Amino acid sequence: MGFNELASGTERRWRIQSLMRRKQVDSDRAKAEGGGSQLAKELSILQLVAIGVGSTIGAGVYVLVGTVAREHSGPSLTISFLIAGIAAALSAFCYAELASRCPSAGSAYHYSYICVGEGVAWLIGWALILEYTIGGSAVARGISPNLALFFGGPDSLPAFLARVHIPGIDVVVDPCAALLVLIITGLLCLGIKESSSVQAFVTSLNVCVMLFVIIAGGYIGFRSGWVGYTVTSGFFPHGVNGMLAGSATVFFAYIGFDSVASTAEEVKSPQRDLPVGIALSLSICCLLYMMVSVVVVGLVPYFAINPDTPISSAFAEHGVHWAMYVVAAGAVLALCSTLLGSILPQPRILMAMARDGLLPSFFSDVNKRTQVPIKGTLVTGVTAAILAFFMDVSQLSGMVSVGTLLAFTIVAISILILRYVPPDEIPLPSSIHESIEPLSFPYMSEEKDVKLSKDLIGVNDNEKQSSGDGTSIDYPLIIKDNNQYKMNELKRRKFASWSIAFVCTGVFILTLSASTTCLPQYLVYSACIFGALLFLVGLFVLSWIEQDDGRHSFGHSGGFICPLVPFLPVCCILINSYLLVNLGADTWLRVSAWLLIGVFVYLFYGRSNSTLSNVIYVPVAHAHEIYRKS
């Protein structure tokens, strides 16, 4: 088979299957050809922890503990935070391995493009764009009411910052929110070192406020006898199911640590620092959440907690009214830190998608002086500022959760693919097509592949004799063993692929049917049983067969390795899928509209402009020889 014939056949094939084409893991050779990393490598472990903690601990903790304690958990709120933290840690383990193996900008988009395919990667990237835009706008809108408390009341901001209602179109504009977004955008344009230093400072102040709540509240609790834990309804007033429902609610308080992975290309030592940064930030958040919840539900009986201002009202019950200002300051600091963490990842995702040709190259430009994607940062900031100025996007906050949970799910699936069926072909760039064209390109032919195997074991071409079945007479056992190994490996990969598909399909059917209330019971039970069988069969096969040897050479080695595969990623897929299904029909209708827009953008721009639209895929084992010959 000649090179031209192979190229044309492959091109036709990938026109139909463009959704499944995968890019290569960033290698030293690829970075050298691309001129090296353009982003500044300035981040250390402490700065990563500041980004992770600052992005995760928002003002929700100052409100969420009251609502969940009253409606679900009661005094067991601490256990709810612990279970939710463990569930979030499952995703963190998966992120840690992929971040250390593939330390490039783009986070879940980048990982899914390497492991799953271009179509899924595009949808993940498109969903993350929506998540960070709406998340940043919603956070900015929440700063104004908290900031107004320092000026005397909810409506006491200076005139140029105060919200104004426009009666004709029934819109409430928020100049304070828009101004804060623009200030954060300008800070991000200065450089990653400067913005991360500011985030570290603001996050440190926020942590100090939470430590004040823990220490002062603990002192008051010991003096008052912890009245919240002496209620007659017990530790689980709504039962264990109530505590678990509280865990599902507070799980979203842990969303944000994935911002650490989005800065992978700017970390000094990604193989070491990224896993440590993710683990430390999540551990600190979980510990702070648990300690604050211990204090709040201990100071006041859960049924008497103010759902809007649980912490400040708990202190006020014991005569410490001035604590309201400390808590309000913590809420403002937390929101500012979360705002910075919401805007930071999006320009890097836009840059990664533009590098791959799926978005215009405008977003991939990196400023030579600040080494930051300034154009993408400005577009992100201005868009978020406009939304924050004109719209109250709090009713769209569920759409933020969709993007994060989709990313968590795909990252867990990527771990299964990496371990059992890692990509065994590499796309050759168009720049070396001409240099390879004169070659006969033997690597796709099984007959030539056997010849290469003979060469590798040291058999001289002049001494070879062939039998009728094509095997060597001089070394028949070696060749037959080699071919048998290849057949067994192909069979193992096929079993693994189907098993991963069974697990994902079974989880989808199981979670969807378990959450459906409009169908007859017999249909629900039948669907649950069918989904559970698919799920268990796939999980059993994955735990029985061996993992692929190619996982050892996938990406950068020497980093974190996710434990308990396949069980840990499968549990992560199950939990995140259940939360996704239960987000509500209204949320999914809004997200579906946004994803449908993304489908049209991909079909009319990204699909034809992708850097993989004109590549040839060759086996990994032959890539080095092809590069050497070219």
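Whatever comes next refers back to the structure up there.
Each value, and the rule that gives it
- Residues numbered from 1 in each chain as written.
- Predicted model: local features only at pLDDT ≥ 70, side-chain atom pairs only at ≥ 80, totals over all residues.
- Heavy atoms only, no water.
- Helix = DSSP H or I, 4+ residues; strand = E, 2+ residues; numbered from the N terminus.
- Core = buried A, V, L, I, M, F, W, Y, C linked by side-chain atoms within 4.5 Å.
- Buried < 20%, exposed > 50% of the residue type's maximum accessible area, 1.4 Å probe, protein only.
- Axes fitted to C-alpha atoms, helices over the stretch in contact; angles between N-to-C directions.
- Left-handed = near helix turned anticlockwise from the far one by under 90°.
- Contact = heavy atoms within 4.5 Å.
- Nonpolar A, V, L, I, M, F, W, Y, C, P; charged D, E, K, R; others polar.
- Patch = residues over 30% accessible without salt bridge, like charges linked within 9 Å, V, L, I, M, F, W, Y side chains within 5 Å.
- Areas by Shrake-Rupley, 256 points an atom, 1.4 Å probe, with all protein chains shown as cover.
- Salt bridge = Lys/Arg side-chain N within 4 Å of Asp/Glu carboxyl O.
- Expected span 1.5 Å × (residues − 1).
- Parallel < 35°, antiparallel > 145°, perpendicular 65-115°, else oblique.

Visitor: Would you take a moment to explain unusual backbone geometry for this structure?
Guide: Most peptide bonds are trans, and most residues other than glycine sit at a negative phi. Omega for the bond connecting Val565 with Pro566 falls within 30 degrees of zero, at 15 degrees, which places this linkage in the cis form. Examined against the element boundaries, Pro566 turns out to sit in the loop between α21 (521-544) and α22 (567-581). Of note, Ser107 is a non-glycine position whose phi angle comes to about 55 degrees, a positive value. Inspection of the secondary structure puts Ser107 in the loop between α5 (77-101) and α6 (108-115).

Visitor: It is not clear to me how the nonpolar core should be interpreted in this structure. Could you clarify?
Guide: Side chains of nonpolar character tend, in soluble globular proteins, to be buried together. Among the nonpolar cores identified, the biggest contains 155 residues, and Tyr62, Phe81, Tyr95 and Leu339 are the most heavily contacted of them. In terms of residues, this core owes the most to one element, helix α17 (residues 397-420), which gives 15 residues.

Visitor: Which parts of the structure should I look at to understand the packing of α6 against α17?
Guide: When two helices pack together, their arrangement is given by the angle between the helix axes and the distance between those axes. Where α6 contacts α17, the two axes come as close as 9 Å, and the packing angle between them is 35 degrees. Read as a crossing pair, α6 and α17 show a hand that is left-handed. Between α6 and α17, the contacting residues are Ala108, Tyr111, Ser112 and Cys115 on the first element and Ala407, Ile410, Val411, Ser414 and Ile417 on the second. For the contact of α6 with α17, the residue count by class is seven nonpolar, two polar and no charged.

Visitor: I would appreciate a short explanation of a nonpolar patch on the surface in the present structure.
Guide: Among the surface-exposed residues, Ile83, Tyr229, Phe235, Phe236, Val240 and Leu244 lie close enough to one another that they form a single nonpolar patch of about 470 Å² accessible area. Within the secondary structure, Val240 sits in helix α10 (residues 239-250). For Val240, a relative accessible area of 49% gives the class partly exposed.

Visitor: I'm lost on α5 in this one. Help?
Guide: Count 3.6 residues to each turn of an α-helix, and residues three or four apart come out pointing the same way. Taking 1.5 Å of rise per residue, the 25 residues of α5 would be expected to cover 36 Å, and the 36 Å separating its terminal C-alpha atoms lies within 8% of that figure. The element α5 is largely enclosed, with a buried count of 19 among its 25 residues.

Visitor: Would you explain helix α16 (residues 374-390) in this entry?
Guide: Between its first and last C-alpha, α16 extends 24 Å over 17 residues, near the 24 Å set by a 1.5 Å rise per residue. In this fold, the buried residues of α16 make contact with α7 (118-148), α8 (175-190), α14 (323-343) and α15 (345-355).

Visitor: Any chance you could explain the side chain of Ser414 here in plain terms?
Guide: Within the secondary structure, Ser414 sits in helix α17. Not counting residues within four places of it along the chain, the set of residues in contact with Ser414 comprises Leu98, Tyr111, Ser112, Cys115 and Val116.

Visitor: What exactly am I supposed to notice about the pattern of salt bridges here?
Guide: Should the charged atoms of two oppositely charged side chains come close, the side chains can pair. Considering all chains together, one arrives at 13 salt bridges under this definition. Salt-bridge contacts for Lys23 lead to Asp356; the nearest nitrogen and oxygen are separated by 3.0 Å. Of this pair, Lys23 sits in the loop between α1 (3-16) and α2 (28-33) while Asp356 sits in the loop between α15 and α16; the two residues are 333 residues apart in sequence, bridging distant segments of the chain. Exposure remark for Lys23: the relative accessible area of 14% places this residue in the buried category.

Visitor: Whenever I open this one, the packing of helix α4 (residues 61-73) against α10 confuses me. Can you help?
Guide: Where α4 meets α10, the axes come as close as 9 Å, and the angle between the chain directions of the two elements is 155 degrees. Taken together, the axes of α4 and α10 lie roughly antiparallel to each other. When the axes of α4 and α10 are compared, the crossing they make is right-handed. The segment α4 lies against α10, with Leu64, Val68, His72 and Ser73 engaging Gly242, Met243, Ala245, Gly246, Thr249 and Val250. In terms of residue class, the contact of α4 with α10 is made up of five nonpolar, five polar and no charged.

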